[in-house]
Amino acid sequence: MQVTKQHQVHGGTLRYLKHDSATTGTPMTLSVFVPAGEGPFPVLIWLSGLTCTEDNFTTKAGAYAAAAAHGVIIVAPDTSPRGEGVADDPAYDLGQGAGFYVDATEAPWAKHFRMETYFVEELIGLIDAEFPTTKARSISGHSMGGHGALTLALRHPHLFRSVSAFAPITSPTRCAWGEKAFTAYLGDDRETWAAHDAARLIEDGVGAGCYDDILIDQGDADPFLVEQLKPELLVAAGEAAGQTISLRMQPGYDHSYFFMASFIADHVAFHAERLKG
């Protein structure tokens, strides 16, 4: 992986990286924070939301003080393949910047938009090969990235010790963002969609017993709460399936990175406990 930028922060090192992905057939970018010391360190993977790149979380979330204190590597990849020849859409909620962490099967997206395979089969191996990791890892994310964190953790529980999310799209088969993206990427079969819907996966017992708790923070002033995010569907699924879900409704908070910056230290501590336990 090529280092494009490097900074010292909270005693550790933050690197911006670029590599040619065999999965997407495009260059992919990410940022990686490594605490001070020789390691090895456990890893927290962060998945960002619609329109974001590897830079949004890095510059806005304020996570690295907590990561340094707990001795955790944080990996923040881009949200989709990009570049000339990569399919796109004029809308913000489809195409580049809106990969939804699935492997597209429909044209023109299927050629490059293979985000699930990229994360679970390529990126994790690259991180373990290039950085001093313990090979223990957890996953978190925001909005579309919260959807990705939940579904990847449930579908691949052998890869992750814990999962959390900020304002996740909890049931994309039942909201406009998810219906639009899944129709484009996966076709019209809603049964196929359900395999990438966190609430429905929990209802079906996928990942059952793998996580002692799933931590969700949600602002009650979030403009997308009622129509797009629907955390009550995730809680109901957890209650029906016996999966503990700690939903913390935060009064007055919206969908922005100001919300995440206020509670990110709690999430890093939540994962650090399970990564080192």
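See the structure above.
Every value quoted in this text rests on a predicted model; they were computed, and no experiment measured them. (Residues numbered from 1 in each chain as written. Predicted model: local features only at pLDDT ≥ 70, side-chain atom pairs only at ≥ 80, totals over all residues. Heavy atoms only, no water.)

1. Some points on the overall build of the protein
Okay, so step 1: When its secondary structure is counted, the protein shows 10 helices and nine strands.
Okay, so step 2: A globule of 277 residues ought to have a C-alpha radius of gyration of about 19 Å, and the protein, at 17 Å, matches this closely.
Okay, so step 3: The dimensions of the protein, computed from C-alpha atoms along their principal axes, are 50 × 45 × 35 Å.
Okay, so step 4: Within the protein, buried positions represent 58% of all 277 residues. (Helix = DSSP H or I, 4+ residues; strand = E, 2+ residues; numbered from the N terminus. Rg over C-alpha atoms; globule rule 2.2 N^0.38 Å. Buried < 20%, exposed > 50% of the residue type's maximum accessible area, 1.4 Å probe, protein only.)

2. Re the pattern of salt bridges
Okay, so step 1: Scanning the entire structure with this criterion turns up 11 salt bridges.
Okay, so step 2: Between Lys-180 and Asp-93 there is a salt bridge, with its nearest N and O atoms 2.7 Å apart. In this pair, Lys-180 sits in helix H5 (residues 176-186) while Asp-93 sits in the loop between strand S5 (73-77) and helix H3 (115-130), placing the two residues 87 residues apart along the sequence.
Okay, so step 3: Between Asp-266 and Arg-248 there is a salt bridge, with the nearest N and O atoms lying 3.0 Å from each other. Of the two residues, Asp-266 is situated in helix H10 (residues 257-276) and Arg-248 in strand S9 (residues 245-250); the sequence distance between them amounts to 18 residues.
Okay, so step 4: Overall, the relative accessible area of 37% leaves Asp-266 in the partly exposed class.
Okay, so step 5: Judged by relative accessible area, Arg-248 falls into the partly exposed class, the value being 27%.
Okay, so step 6: One network of salt bridges, in which partners are shared, links Asp-212, Glu-273 and Arg-274. (Salt bridge = Lys/Arg side-chain N within 4 Å of Asp/Glu carboxyl O.)

3. Quick notes on unusual backbone geometry
Okay, so step 1: Note that the residue after Gly-39, namely Pro-40, is joined by a cis bond; omega there is 5 degrees.
Okay, so step 2: Its place among the elements puts Pro-40 in the loop between strand S3 (27-34) and strand S4 (41-47).
Okay, so step 3: Of note in the backbone geometry, Thr-51 takes a positive phi value of approximately 75 degrees without being a glycine.
Okay, so step 4: Among the structural elements, Thr-51 can be located in the loop between S4 and helix H1 (54-60).
Okay, so step 5: Residue Lys-230 is not a glycine yet carries a positive backbone phi of 50 degrees.
Okay, so step 6: Mapped onto the elements of the fold, Lys-230 is located in the loop between helix H8 (225-229) and helix H9 (231-241).

4. Focus: the pairing of strand S1 (residues 2-9)
Okay, so step 1: Pairing geometry for S1 and strand S2 (residues 12-20), over seven bridges, is antiparallel. When the sheet's bridge partners are listed, Val-9 is paired in S2 with Gly-12.
Okay, so step 2: Linking S1 to S2, which pair antiparallel, is a turn of two residues; within it His-10 sits at a positive phi near 50 degrees. (Pairing = 2+ DSSP bridges.)

5. Describing the pairing of S3
Okay, so step 1: Buried residues dominate S3, accounting for six of its eight residues.
Okay, so step 2: Summarising the sheet, S2 and S3 pair through eight bridges and their orientation is antiparallel. Looking at S3, one finds that Asp-20 is bridged to Pro-27.
Okay, so step 3: Here S2 folds back onto S3, and the loop between the two strands holds six residues, one of which, Gly-25, carries a positive phi near 70 degrees.

6. What about H3?
Okay, so step 1: At Leu-123, H3 shows its largest kink, close to 35 degrees.
Okay, so step 2: All of the buried residues in H3 are Met-115, Glu-116, Thr-117, Tyr-118, Phe-119, Val-120, Glu-122, Leu-123, Ile-124, Ile-127 and Asp-128. (Bend = angle between axes of the 7 residues up to and from the residue.)

7. Points about the layout of surface pockets
Okay, so step 1: If you add up the space inside the largest pocket, you get close to 190 Å³.
Okay, so step 2: Around the largest pocket, the lining comprises 14 residues; the ones closest to its centre are Leu-50, Thr-51, Cys-52, His-142 and His-255.
Okay, so step 3: Counted by class, the lining of the largest pocket contains six nonpolar, seven polar and one charged residues. (1 Å grid on protein atoms, 1.4 Å probe; cavity = no way out; pocket = protein on both sides within 12 Å on 5 of 7 lines; lining within 4 Å. Points joined across faces, edges and corners; volume = space filled by probe spheres on them. Nonpolar A, V, L, I, M, F, W, Y, C, P; charged D, E, K, R; others polar.)

8. Observations concerning helix H4 (residues 144-155)
Okay, so step 1: An ideal rise of 1.5 Å per residue puts 16 Å on 12 residues; H4 measures up with 16 Å between its terminal C-alpha atoms.
Okay, so step 2: Of all the 12 residues making up H4, 11 are buried; the element is thus mostly covered by neighbouring parts of the structure.
Okay, so step 3: Residues of H4 that are buried: Met-144, Gly-145, Gly-146, His-147, Gly-148, Ala-149, Leu-150, Thr-151, Leu-152, Ala-153 and Leu-154. (Expected span 1.5 Å × (residues − 1).)

9. Re the side chain of Thr-23
Okay, so step 1: Within the fold, Thr-23 resides in the loop between S2 and S3.
Okay, so step 2: For Thr-23, the contacting residues outside a window of four places in its chain are Arg-114, Thr-117, Tyr-118 and Glu-122. (Contact = heavy atoms within 4.5 Å.)

10. What to know about empty space enclosed by the protein
In this approach a probe as big as a water molecule rolls over the atoms, and the regions it shows empty are the leftover space.
Okay, so step 1: Counted by the stated rule, this structure contains two cavities of 30 Å³ or more.
Okay, so step 2: Lining the largest cavity, in full, are Ile-45, Leu-47, Phe-119, Val-120, Ile-124, Ile-139, Leu-152 and Phe-160.
Okay, so step 3: Counting residues per element, the ones that place at least two in the lining of the largest cavity are S4 and H3.
Okay, so step 4: Broken down by element, the lining of the largest cavity gets its largest block of residues, three residues, from H3.
Okay, so step 5: Of the residues contributing to the lining of the largest cavity, the split by class is eight nonpolar, no polar and no charged.
Okay, so step 6: Residue lining of the second largest cavity: Val-43, Ile-45, Val-75, Ile-124, Ile-127, Asp-128 and Arg-137, and that is the complete set.
Okay, so step 7: Sorting the residues of the lining of the second largest cavity by element identifies S4 and H3 as the ones contributing at least two each.

Purely geometric numbers; function is a separate question.
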